[in-house]
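# A structural walkthrough
Take a look at the letters that make up each chain.
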Amino acid sequence: MSPLRLATVVLCLMVGLLAVPDRVATAAAPGRTLAITPPPARLLGGGWRFRLDPHDAGQRAGWWHGATDAGWKAVSLPHVFDHRPLPQLFRGTVGWYARSLVVPPAPAGFGWAVRFEQVRRVASVWLNGRLLGVHRDPYTPFDLALSGLRPGANSLVVRVDNRKGADPREGWWNWGGITRPVTLLARGPVVLSDLGLLSTLRCPPGGPCGPAAVTVDGWVTNRSSAPVTPQVAIGLSRPHSSSSATGSTTLSRLAPGATAHVHFSVPVRGPRELWTPSHPRLYDAVVRTTVGSTVAQSDRRAVGLRSVAVHNGMLYLNGRRIEVQGASIQEDLPGRGPALRPADLDTIVSELRAVHATATRAQYLLSAGLLDRLDRAGILVWSQAPIYHRDALLTTPAQRAEALATVRGTVLEARSHPSVITHSVANELSPEPDRVPSTRTFLLAAADLARGLDPTLPVSLDLLSYPGFPRERTYAKFDLLGINNYFGWYPGHADHSTANPADLAPFLRQTHARYPAQAMVMTEFGAEATLTGPARDKQTYAFQQDYLRRTLALVDALPFMNGALYWTLREFAVKPHWDGGARRPDSPHDSIHHKGLLSYAGVPKPAWYTAQQLFAHAALYRPSRPATRAPNPILTIVAVLGLLGLLAVIGALLAVAVWSFLGLRADARADPWPAPRPLDLRGERRADTTYA
């Protein structure tokens, strides 16, 4: 090779290298030596002491310094103040948790943080008498850096306040406590937070799926005192196989305290193994965040490759149309409340499998442990933020910002789970959001937020389903509509009655006609059952069975419906003196929601066996038939006018033809062999041309 040609090749290579953007997915550097790795996380389940504070005297008494007298009792986490749903406990109280904390040694540049998966309702956290922070959302996780750690024993104290008034409305018991696990986490010089591993897979309806990729999404923060250039790398392995994908991205130089968004995709090599309910295959993913030779953070996750989409009003999983069947759940078991242990989570999953449910739903973010189990079990999840009947708390920008923060936290925690098929941003807000500007503003912002955080899943909204309201432009901004149906159970309101079950089918048809592009799933329906008696009487087991059977038959008969989820799988604590809707003097008015297929103690009702049989024979995958679209009113008017015009033209032509025929008959009688009449023939041709 001549020197000139060699110089040209070298120059081209240099230009190519310089042209590569800073943030691209690349193969991980082979043979790289990583000298420092983070200490492993560990659960802080034991060693806690607890004390109730019904008069809220603990702050004045300095309890935030730690447990110092005999008024404290030993407990383990998760923990609830009191597992009994007694009326006098519903309004809530204050409780304190404290423990001695000795942290293991950490490498230079590392610190420690504590992660609370859930504290109901308001958590204030102190370390060695110093307030670390306050968290006010009872349904999303939060992390706090443990600044001010001392060698040896430290005092970690948490004040939990679950006192509440009438708002916000919630359809479950007002539990108080540290109700989910607490974890001690190492924090390196940079921190990757809100990590999402999203399945990027396009599957056209009825067609084969295209290439698959995994998208890494999150935020990297420089917590050191010097500028750094972090790298985020992922390694992906197929189930029971070798590496399927590797890739990394190098971020721009981060100043101390600065945060940068990281987002890159890595294609999956080799044969794809898709996640499906019948074969919930999971890839093993390891994400490492590094600075130089230091592994600042290592995250291990399970990833499922799957596609969920709405096409022409139909819901598709991996390119196949689905119709879900199942029952909703609450994280609430007798003797535990929401403070569930791993065996309790196994119980919930085993009950869903026993009834042959292909899907479930909850009105708030499910725990990470339960979502992991649902991933492995292949049970689909309708995930929802707990923005419930909250129009009155969405009137100010600050209130809407608070609700949007809950939506954000819910989506970020749920988005990496392959079992999650949608993000619902709210439940049963005003049925007229177009006429409630604050509600409409929130819903549109929430839909945009959910799509931005997870563009791989449909965004949904669960409707307060009353007839007699006009079409809402707000609803058309969502991909999926959840229909909460209680036709034939609750009476509804004046001019919006739901008393007659025969009105359900017309309501569903009208809703589909108004929103033909949105997929519809019946996300709630149910009837209380505690008594024996005939099927015509509410509150009886026979009525519940009949209600379940008739509703599922109707949903199955309507081609535009995408399934139904019964409310609920098991009874749960709701609020004192609950009236379930039967309005019978002999029905219980306690703190238990009695619509469950299982009693609060887990005993099957007759409707359990009915659901079990119906769900077992319901196919998840359905023929990919197009949804029945309602005619556009404007197009209908145009078509009718066009048809009338066409009929008028045809009538005129028939009249001309009859007139011409009679004229020819008269001419024929006068002269059996008439001479050609060019003018008449030209006239007939003109008529034919006009007709064409």
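Residues numbered from 1 in each chain as written. Predicted model: local features only at pLDDT ≥ 70, side-chain atom pairs only at ≥ 80, totals over all residues. Heavy atoms only, no water.

## Considerations on the pairing of strand β10 (residues 182–187)
For β10, the tally of buried residues reaches 6 of 6 residues, placing the bulk of the element in the interior. What you see with β10 is no split at all: V182, L184 and A186 on one side and T183, L185 and R187 on the other are buried throughout. As paired strands, strand β1 (residues 42–43) and β10 are joined by 2 bridges and run antiparallel to one another. Looking at β10, one finds that R42 is bridged to L184. Sheet topology places strand β5 (residues 111–116) next to β10; 6 bridges connect them, and they run antiparallel. Each bridged residue has a counterpart across the sheet, and for R115 the counterpart in β10 is T183. (Buried < 20%, exposed > 50% of the residue type's maximum accessible area, 1.4 Å probe, protein only. Helix = DSSP H or I, 4+ residues; strand = E, 2+ residues; numbered from the N terminus. Pairing = 2+ DSSP bridges.)

## Quick word on the packing of aromatic side chains
Tallied over the full model, the rule gives 21 aromatic pairs. For the ring pair Y139 and Y364, a centre distance of 5.7 Å and an interplane angle of 20 degrees mean the geometry is stacked. Remark: Y364 occurs in the loop between β22 (359–361) and α4 (368–377) and Y139 occurs in the loop between β7 (130–135) and β8 (142–145); sequence separation between them is 225 residues. Exposure remark for Y139: the relative accessible area of 3% places this residue in the buried category. Following the ring pairs from residue to residue traces out a cluster consisting of W63, W64, W72, W96 and W126. Above the ring of Y621, the side-chain terminus of R320 is found at 3.7 Å from the ring centroid. The cationic tip of K538 hangs over the ring face of W489; the distance from NZ or CZ to the ring centre is 5.4 Å. (Phe/Tyr/Trp six-rings, centres within 6.5 Å; stacked < 30°, edge-to-face > 60°. Lys NZ or Arg CZ within 6 Å of the ring centre and 35° of its normal.)

## Considering the side chain of E472
On the secondary structure map, E472 appears in the loop between β25 (459–464) and β26 (480–484). In this structure E472 comes out as buried when scored by relative accessible area, which is 0%. Ignoring any residue separated from it by four or fewer positions in sequence, one finds E472 in contact with P431, E432, P433, D434, R435 and Y515. (Contact = heavy atoms within 4.5 Å.)

## Notes on the sheet that holds strand β15 (residues 259–267)
Pairing is antiparallel across the open sheet formed by 3 strands, whose spatial order is β11-β12-β15. Edge positions in the sheet fall to β11 (190–201) and β15, since each has one partner strand and no second. Here the average twist between neighbouring strands, direction ignored, is 15 degrees. Pairing between strand β12 (residues 212–222) and β15: 9 bridges, direction antiparallel. For G218, the partnering residue across the bridge sits in β15 and is V262. (Axes fitted to C-alpha atoms, helices over the stretch in contact; angles between N-to-C directions.)

## Structural notes on the confidence of the model for the protein chain
Taken over all residues, the pLDDT of the protein chain has a mean of 88, while the share at 70 or more is 85%. Low pLDDT (under 50) marks residues 1–31, which in the prediction has 24 contacts with non-local residues, meaning those over four places away or in another chain. Confidence over residues 656–692 falls short of pLDDT 50; this stretch has 5 contacts with residues more than four positions distant or in other chains. (pLDDT = per-residue confidence, 0-100.)

## Regarding the state of the cysteines
Under the defined criterion, the tally for this structure stands at 1 disulfide. What pairs with C203 in a disulfide is C209, and their sulfur atoms sit 2.0 Å apart. Taking the sign of the S-S torsion, 110 degrees for the link of C203 and C209, the bridge is right-handed. Here C203 falls in the buried class, since its relative accessible area comes to 6%. C209 gets classed as buried once you look at its relative accessible area, which sits at 14%. (Disulfide = S-S within 2.5 Å.)

## Considerations on the nonpolar core
Ranked by size, the top nonpolar core spans 100 residues in total, and within it L380, V425, F442 and L508 carry the most contacts. The contact partners of L380, leaving out residues within four places of it in the chain, are W275, P277, L317, I322, V324, T358, A359, T360, S419, I421 and L620. (Core = buried A, V, L, I, M, F, W, Y, C linked by side-chain atoms within 4.5 Å.)

## Here's the deal with helix α7 (residues 504–514)
Residues that lie three or four places apart on an α-helix share one face, since the helix turns once every 3.6 residues. Of all the positions in α7, only L504, A505, F507, L508, T511 and H512 are classed as buried. One side of α7 holds all its buried residues, which, seen down the axis, span an arc of 160 degrees. (Arc of directions from axis to C-beta.)

## Here's the deal with the packing of helix α3 (residues 342–354) against α4
One can describe the packing of α3 onto α4 by two numbers: an axis separation of 10 Å at closest approach and a directional angle of 40 degrees. Remark: the crossing between α3 and α4 carries right-handed chirality. Here P342, L345, D346, I348, V349, L352 and R353 of α3 come into contact with α4, specifically with G369, L370, R373, L374 and A377. Class assignment for the residues of the contact of α3 with α4 results in 8 nonpolar, 1 polar and 3 charged. (Left-handed = near helix turned anticlockwise from the far one by under 90°. Nonpolar A, V, L, I, M, F, W, Y, C, P; charged D, E, K, R; others polar.)

## A few points about the side chain of T289
One can find T289 in strand β16 (residues 283–291). Judged by its relative accessible area of 0%, T289 falls in the buried class. For T289, the contacting residues outside a window of four places in its chain are V190, L192, Q231, V232, T294, V295, A296 and Q297.

## Topic: the pattern of salt bridges
Following the criterion strictly, the structure yields 34 salt bridges and no others. A salt bridge links R159 to D161, with the shortest nitrogen-to-oxygen separation between them at 3.8 Å. Classification of R159 as buried rests on a relative accessible area of 7%. Given a relative accessible area of 12%, D161 falls into the buried group. Several salt bridges converge on common partners, so that one network encompasses D56, R159, D161 and R163. (Salt bridge = Lys/Arg side-chain N within 4 Å of Asp/Glu carboxyl O.)

## Section: the sheet that holds strand β6 (residues 122–127)
Read across the open sheet, the 6 strands follow the order β3-β2-β4-β9-β6-β7; overall the sheet is antiparallel. Bordering the open sheet on either side are β3 (73–75) and β7, each of which pairs with just one other strand. Looking at each pair of strands side by side, their axes are set apart by 25 degrees on average, direction ignored. When β6 meets strand β9 (residues 154–161), the two strands line up antiparallel, connected through 6 bridges. Across the sheet, residue W126 finds its bridge partner in β9, namely V157.

## Let's talk about α3
Compared with an ideal rise of 1.5 Å per residue, which puts 13 residues at 18 Å, α3 spans 18 Å between its outermost C-alpha atoms and is within 8% of the ideal. Positive phi shows up at H356, right after α3, with a value of about 65 degrees. (Expected span 1.5 Å × (residues − 1).)

## Brief notes about unusual backbone geometry
Omega for the peptide link from R120 to R121 comes to 10 degrees, which places this bond in the cis form. Here R121 is to be found in the loop between β5 and β6. Cis geometry is found at the peptide bond from D167 to P168, where omega equals 0 degrees. Here P168 lies in the loop between β9 and β10. A positive phi angle is found at D56, which is not glycine, with a value near 50 degrees. Along the chain, D56 turns up in the loop between β2 (48–52) and α2 (58–61).

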